[in-house]
Amino acid sequence: MAVDKLYECEDFLVVNKPYDMYINSDDENEKNTVTCHIASHDSHLSTSSNPLYFIQRLDYSTSGVLCIAKNKTTAGLAGKLFEKRLTKKYYLAIVRGHPEFQVAEIRYAVGVDQTPDHGHRMSVVSKTSIAGDARPAHTRLLLLETGYYCGQPVAVVLLKPITGRRHQLRIHCHSASHTILGDYTYSDRTDTAPHRMFLHAIRLVLPLPHKPLDIQTAEPFFSDSKFSSKWKSHRVVYKYRSKEELLAACDDLDREYIVGVKYKDFSV
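Residues numbered from 1 in each chain as written. Predicted model: local features only at pLDDT ≥ 70, side-chain atom pairs only at ≥ 80, totals over all residues. Heavy atoms only, no water.

**Q** Go over the pattern of salt bridges, please, and point to the residues and values.
**A** A full pass over the atoms with the stated rule returns 14 salt bridges. The residue D265 makes a salt bridge to R107 at a minimum N-O spacing of 3.1 Å. Of this pair, D265 sits in strand 15 (residues 263-266) while R107 sits in the loop between strand 6 (103-106) and strand 7 (110-112), placing them 158 residues apart in sequence. Look at D265 and you get partly exposed, because its relative accessible area is 45%. In this structure R107 comes out as partly exposed when scored by relative accessible area, which is 39%. (Salt bridge = Lys/Arg side-chain N within 4 Å of Asp/Glu carboxyl O. Helix = DSSP H or I, 4+ residues; strand = E, 2+ residues; numbered from the N terminus. Buried < 20%, exposed > 50% of the residue type's maximum accessible area, 1.4 Å probe, protein only.)

Structural data, given as structure tokens:
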């Protein structure tokens, strides 16, 4: 798969990462990486002749906006914006089931799953489960559309992580009983029919002091015939497939409260 460049300047490179691709690898024989497509295989290392600085991460299965700094100074500047939660990240996902709410606040702390043989998984602290080294985590969810995939109920949602924990969006959706479509890990290795995991980083807002970045990709799922041929719409709650419609949905997700909308609070 090609790694498309969304934006480039002297300090930053922003790409659209394909699904099922690593960001980088210490194994020089591993070619399925972002770095191999845009630079050299060792460009993520400080010893590289032209090092790149990955200021954010995306899972192997997740696609979408990935911001890369070209020098240590701008990497440090952008890193502080992420640490202070001044950036805005928006993800498009398709989840199993039809949510009974339109907006959800998911505030389960996230930590390492303590179940044997699940060392790479994360878990949440809820009334029925615990997680090792758990840290507070917060995700906002906006319902965009309900439909059916292969005859089974699914929904398109917009996700905004307020915090940035490992697998946060995946485990938060799972803990809200709406596991992301194609998520092999959090479906207990049962959701194997879809050709991908349907989680995509669709927009990143980086409030840099001199030139703020607001990078957005096109809607990625319905342009894929492997998905669209198996999809049937049920109810559109928010339009989102154009750039302008997606921006309007992001604005609503940013609001503390939307009049006339059914809320659900997931917290301990």
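Now that the structure has been shown, the text picks up again.
**Q** So what's going on with unusual backbone geometry? Residues and values would help.
**A** One non-glycine residue with positive phi stands out, namely C150, at about 55°. Accessibility expressed as a relative area gives 48% for C150, which makes it partly exposed. One non-glycine residue, D188, lies in positive phi territory at about 60°. Mapped onto the elements of the fold, D188 is located in the loop between helix 3 (168-175) and strand 12 (199-206).

**Q** Could you give an account of the pairing of strand 4 (residues 63-69), naming the residues involved and the relevant values?
**A** For strand 4, a buried count of 7 out of 7 residues is recorded, marking the element as mostly surrounded by other parts of the structure. Note that strand 2 (residues 12-17) and strand 4 share 6 bridges and pair antiparallel. Bridged to N16 within strand 4 is V65. Pairing of strand 3 (residues 53-54) with strand 4, which is carried by 2 bridges, proceeds in the antiparallel orientation. (Pairing = 2+ DSSP bridges.)

**Q** Let's hear about the environment of V259: which residues, and what values?
**A** With respect to the helices, strands and loops of the structure, V259 is situated in the loop between helix 5 (243-254) and strand 15. Sequence spacing of V259 and K17 is 242 residues, and the spatial spacing of their C-alpha atoms is 36 Å.

**Q** Can you break down the state of the cysteines residue by residue, with the values?
**A** Scanning the entire structure with this criterion turns up 0 disulfides. Not engaged in a disulfide, the cysteine C9 finds its nearest cysteine sulfur in C67; these two sulfurs lie 8.6 Å apart. (Disulfide = S-S within 2.5 Å.)

**Q** Explain the packing of aromatic side chains to me, using residue names and the numbers behind them.
**A** Geometry of an aromatic ring pair is reported as the spacing of the ring centres plus the angle between the planes. Under the definition given, this model contains 11 aromatic pairs. Ring geometry for F222 and W231: centres 5.1 Å apart, planes at 85°, overall edge-to-face. For the pair formed by F222 and W231, the shared burial category is buried. Their ring planes at 10° and their centres at 5.1 Å tell us that Y257 and Y263 sit as a pair that is stacked. On the accessibility criterion, Y257 (55% relative accessible area) is exposed. Among the aromatic residues, ring-to-ring pairing joins Y149, F198, F221, F222, F227, W231 and Y240 into one connected group. For the cation-ring pair, K264 lies above F266, with the distance from its terminal atom to the ring centre recorded as 5.4 Å. (Phe/Tyr/Trp six-rings, centres within 6.5 Å; stacked < 30°, edge-to-face > 60°. Lys NZ or Arg CZ within 6 Å of the ring centre and 35° of its normal.)

**Q** Give a detailed account of empty space enclosed by the protein, specifying residues and quantitative values.
**A** Applying the stated rule across the entire model yields 1 cavity of 30 Å³ or more. Space inside the largest cavity adds up to approximately 40 Å³. Lining the largest cavity, in full, are Q56, V65, K89, Y90, Y91, A201, R203 and L204. (1 Å grid on protein atoms, 1.4 Å probe; cavity = no way out; pocket = protein on both sides within 12 Å on 5 of 7 lines; lining within 4 Å. Points joined across faces, edges and corners; volume = space filled by probe spheres on them.)

**Q** Outline the side chain of D224, supporting the account with residue identities and numerical values.
**A** Residue position: D224 is located in the loop between strand 13 (213-216) and helix 4 (225-228). Salt bridges are absent for the buried D224, whose nearest opposite-charge side chain, R196, sits at 5.8 Å. Of the polar contacts made by the side chain of D224, one reaches the side chain of H195; its length is 2.8 Å. (Lys, Arg positive; Asp, Glu negative; His and termini not counted. Polar contact = N/O pair within 3.5 Å; in protein donor to acceptor, adjacent residues only side chain to side chain.)

**Q** Before we move on, could you go through the domain arrangement of the chain and cite the residues and values that matter?
**A** According to the domain assignment, the chain contains domain 1 (1-84) and domain 2 (85-267). Contact residues are listed per partner, giving 23 residues for domain 1 and 24 residues for domain 2. In total, about 2,000 Å² of surface goes out of reach between domain 1 and domain 2, with carbon and sulfur atoms giving 68% of it. Linking domain 1 with domain 2 are 1 salt bridge. On the surface where domain 1 and domain 2 come into contact, there are 11 residue pairs in polar contact (both at pLDDT 80 or more). Elements that contribute at least two residues to the side of domain 1 that touches domain 2 include exactly strand 1 (4-8), strand 2, strand 4 and helix 2 (72-83). Here the side of domain 1 that touches domain 2 takes 5 residues from helix 2, the largest share from any one element. (Domains from an automatic or database assignment. Contact = heavy atoms within 4.5 Å. Buried area = accessible area lost by both parts, 1.4 Å probe.)

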